[in-house]
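Summary of the model geometry
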Amino acid sequence: MWKILFLIHAGLAGVWAADYELLLEDPDIFARCTEAPPGTIFFRDAINFDKLSVEQEPNTLHVSGNATTTWDLEPTDRIAAKFALFQYQRGNWEPTVFTMATQDFCSIMYDKDQYWYKYWTVHITNRNEVEQHCIKKAGTVLIHEPFVMRLILRNIRGATLQGRYKTVISFEAFDEKNVPRGPGVCFEIRGEAEKLKN
Ligand SMILES: *[C@@H]1O[C@H](CO)[C@@H](O)[C@H](O)[C@H]1NC(C)=O
């Protein structure tokens, strides 16, 4: 479901472009964010994955089943979403240039040109309901057809990825006056970057 998050177009100069794959290091793909602001909600506490099956091989995820939202927002709220890649260096997680953000996740989650769609929401079969409630109404079921996902960072230019990386994926809700609606939701995925042969 999260392959989308690893597809990054880097606008850096350079002739060479390479694809990388993230080999997962945790038994659970969703890890708690270690540097999130206090009170941040863990992703698994905002969306219930008990009925979603994610079978994990080092470089492939087999996903199927249902997820149920428990995040309880107002229909008029806006959800901002962000992806950021960090590299583990000398004992610290250092930011990289690879980030991606959308100010209104719900308006683009079914946009065909968006990675969110290509790699996740296209596999949600009850589109009408999900499009209506997004992930704002507690109890909304996201029904997934079975699909396979690889965590691939595509077309990386001007940088060589080597070693340990983590991606931090966070969501933040805002009310009509743009005031944050309680704490945000976050998870991270940690792994080893491996260059793919073209
Ligand atoms: C997912 O939800 C659909 C519709 O309610 C149901 O038919 C299906 O059995 C559910 N799948 C799982 C794995 O719970």
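Our structure's up above, just so we're on the same page.
Described below are features of the structure shown in this document. All residue numbers refer to position in the chain's written sequence, counted from 1. Side-chain atom pairs in this predicted model are given and counted only at pLDDT of 80 or more, local residue features only at pLDDT of at least 70, and totals for whole chains, interfaces and linings cover all residues. Water and hydrogen atoms were dropped before computing side-chain values, which therefore reflect all heavy atoms in the structure.

**Observations concerning the overall build of the protein chain**
In this description a helix means any DSSP run of H or I spanning at least four residues, a strand means any run of E spanning at least two, and both kinds are numbered starting from the N terminus. Within the protein chain, the secondary structure is distributed over three helices and eleven strands. Ordered by position from N to C terminus, the α and β elements of the protein chain give β-β-β-β-β-β-β-α-α-α-β-β-β-β. Two things to know: the radius of gyration comes from C-alpha atoms, and the globule rule equals 2.2 Å times the number of residues to the power 0.38. The globule rule puts the C-alpha radius of gyration for 198 residues at 16 Å, and the 17 Å found for the protein chain is close to it. Per-residue accessibility, obtained with a 1.4 Å probe over protein chains only, is compared with the maximum for each type, and a residue is labelled buried under 20%, exposed over 50%, and partly exposed between these values. Counting every position in the protein chain, which comprises 198 residues, the buried fraction comes to 46%. A separation of at least 24 residues holds for 71% of the contacts in the protein chain among residues at least 6 apart in sequence. To be clear on the numbers: accessible area is Shrake-Rupley with a 1.4 Å probe, and residue cover counts the displayed protein chains and nothing else. When the accessible surface of the protein chain is split by element, carbon and sulfur atoms take 49% of a total near 10200 Å². In this tally Asp and Glu are treated as negative and Lys and Arg as positive; neither His nor the chain ends contributes. Charged side chains are reduced to one point each, which is NZ for Lys, CZ for Arg, CG for Asp and CD for Glu. For the protein chain, the distance from the average position of its 22 positive side-chain charges to the average position of its 26 negative side-chain charges is 4 Å. It only takes one pair of heavy atoms within 4.5 Å for two residues to be counted as in contact.

**A closer look at the site of the ligand**
By convention in this text, a residue qualifies as near a molecule or strand provided that one of its non-hydrogen atoms is within 4 Å of it. Residues in close proximity to the ligand include Lys 51, Asn 66 and Ile 143, which together make up its full environment. The term polar contact refers here to a pair of N or O atoms within 3.5 Å; inside protein, the definition further demands a hydrogen-donor-capable atom paired with an acceptor-capable atom, and it admits residues adjacent in sequence only when both atoms are side-chain atoms. The separation between an oxygen atom of the ligand and a polar side-chain atom of Asn 66 is 2.3 Å. If the ligand stood free it would expose 360 Å²; the protein chains cover 35% of that surface.

**Observations regarding the packing of aromatic side chains**
Two rings from Phe, Tyr or Trp (for Trp, the six-membered ring) form a pair when their centres sit within 6.5 Å of each other. Planes less than 30 degrees apart are called stacked, planes more than 60 degrees apart edge-to-face, and all others tilted. Counted according to the given criterion, the structure contains twelve aromatic pairs. Residues Phe 30 and Phe 187 carry aromatic rings whose centres are separated by 4.9 Å and whose planes lie at 90° to one another, so their mutual orientation is edge-to-face. With Phe 30 in the loop between β1 (17–24) and β2 (41–42) and Phe 187 in strand β11 (residues 185–195), this residue pair connects regions lying 157 residues apart in the sequence. Here Phe 30 falls in the buried class, since its relative accessible area comes to 4%. The rings of Phe 30, Phe 43, Phe 49, Phe 105, Trp 116, Trp 120, Phe 171 and Phe 187 are connected pair by pair, giving a single aromatic cluster. For a ring to carry a charge above it, either NZ of a lysine or CZ of an arginine must fall within 6 Å of the ring centroid while also lying within 35 degrees of the normal to the ring plane. Note that Arg 164 overlies the ring of Tyr 88, its terminal NZ or CZ placed 4.6 Å from the centroid.

**Some remarks on the state of the cysteines**
Any two cysteine sulfur atoms lying within 2.5 Å of each other are counted as a disulfide. Applying the stated criterion to the full structure yields two disulfides. Note that Cys 33 is cross-linked by a disulfide to Cys 186, the S-S spacing being 1.9 Å. Judged by the sign of its S-S torsion, about -85°, the bond between Cys 33 and Cys 186 is left-handed. With Cys 33 in the loop between β1 and β2 and Cys 186 in strand β11, the pair connects residues that are 153 residues apart, well separated along the chain.

**What to know about the layout of surface pockets**
Any space left empty among the atoms is revealed by the rolling of a water-sized probe across them. Approximately 430 Å³ is the volume attributed to the largest pocket. The definitions used throughout rest on a 1 Å grid laid over the protein atoms alone, on which a cavity is an enclosed set of points accommodating a 1.4 Å probe that cannot get out and a pocket is an open set flanked by protein within 12 Å on both sides along at least five of seven lines; lining residues are those having an atom within 4 Å of a point. Contributing to the lining of the largest pocket are 20 residues, with Pro 37, Lys 82, Val 168, Ser 170 and Cys 186 lying nearest its centre. For the lining of the largest pocket, the secondary-structure elements that each account for two or more residues are β6 (78–89), β10 (163–174) and β11. When residues are grouped by polarity, Ala, Val, Leu, Ile, Met, Phe, Trp, Tyr, Cys and Pro land in nonpolar, Asp, Glu, Lys and Arg in charged, and all others, Gly among them, in polar. For the lining of the largest pocket, the per-class residue count stands at eleven nonpolar, four polar and five charged. Grid points are joined across faces, edges and corners, and a volume is the space filled by probe spheres set on the points.

**Notes on the pattern of salt bridges**
It is possible for side chains of opposite charge to pair when their charged atoms get near one another. Any Lys or Arg side-chain nitrogen located within 4 Å of an Asp or Glu carboxyl oxygen qualifies as a salt bridge. Tallying each qualifying case throughout the model produces ten salt bridges. Its salt-bridge partner being Glu 35, residue Lys 166 comes within 3.1 Å of it at the nearest N-O pair. Taken together, the residues span a long stretch of sequence, with Lys 166 in strand β10 and Glu 35 in the loop between β1 and β2 at a distance of 131 residues. Take Lys 166: its relative accessible area is 1%, and that puts it in the buried class. Here Arg 190 makes a salt bridge to Glu 188, at a shortest N to O gap of 2.8 Å. One connected set of salt bridges, linked through shared partners, spans Glu 25, Asp 26, Glu 35, Arg 164, Lys 166, Glu 188 and Arg 190.

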